[in-house]
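# Chains, contacts and geometry: an overview
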Amino acid sequence: LKSPILAVTALKVTLSEDHFVKVRALIRDLIERLNEQAKSEATQKSFCDKEMKAATDKRDKEQSNVEDNKAKISATEANIQQLTQEIADLSRGIADNKKALKEATDLRQKESAENMKTIAEAEAGKEAVERALEVLQSFYEGAAFVQYVPPNSDREGKTVSDRAPEVFDSEYK
């Protein structure tokens, strides 16, 4: 039978004189002991069930927290990657803008130098023309070659009356 309780009961039955009285007492003791074990087992099972439910609920809650945190980490990593890409793009844009600014500054400096040279040449030309005019005015100041241009004349110096056609003095034939 392989049950220690039954083996003890069988041993007690074989050793006792009044078999039935002792057998009944042993059966009652065995029933009481089994009832106590069943109560103990029921109490322990309800405790285990409660603890198992609490542990399962806690596990599920923690698993949910882990999944939420993984989602947050994933979103943050994606955001970091996007911001890193934007930083790289903006850095390239800044470098391009600095290069364009340097090229524009160099071009402006060259143009400024050319402009200063042109202004200096124009100033020298202006001074030469003014000196030539002074020389010519002093040379021709009293000369008789001064041309008279009548008022209201055209390019050639002719007025409206000069351009009018000849009038017929005789009758038509």
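What counts and how
- Residues numbered from 1 in each chain as written.
- Predicted model: local features only at pLDDT ≥ 70, side-chain atom pairs only at ≥ 80, totals over all residues.
- Heavy atoms only, no water.
- pLDDT = per-residue confidence, 0-100.
- Helix = DSSP H or I, 4+ residues; strand = E, 2+ residues; numbered from the N terminus.
- Patch = residues over 30% accessible without salt bridge, like charges linked within 9 Å, V, L, I, M, F, W, Y side chains within 5 Å.
- Areas by Shrake-Rupley, 256 points an atom, 1.4 Å probe, with all protein chains shown as cover.
- Salt bridge = Lys/Arg side-chain N within 4 Å of Asp/Glu carboxyl O.
- Lys, Arg positive; Asp, Glu negative; His and termini not counted.
- Charge placed at Lys NZ, Arg CZ, Asp CG, Glu CD.
- Buried < 20%, exposed > 50% of the residue type's maximum accessible area, 1.4 Å probe, protein only.

### Thoughts on the confidence of the model for the protein chain
In the predicted model, the protein chain carries a mean pLDDT of 85, and the fraction of residues at 70 or more is 87%. In the model of the protein chain, helix α1 (residues 4-15) stands out as the element of lowest mean pLDDT, 74, in contrast to helix α2 (residues 19-140), which has the highest, 91.

### A short note on a negative patch on the surface
A contiguous patch of negative charge on the surface is contributed by Glu 123, Glu 127, Glu 130 and Glu 134. Of note, Glu 127 is situated in helix α2. Judged by its relative accessible area of 41%, Glu 127 falls in the partly exposed class.

### Observations concerning the pattern of salt bridges
Scanning the entire structure with this criterion turns up 5 salt bridges. Two residues, Lys 45 and Asp 49, come together in a salt bridge whose shortest N-O distance is 3.0 Å. Placement of the pair is Lys 45 and Asp 49 together in helix α2, with a separation of 4 residues, close to one helical turn.

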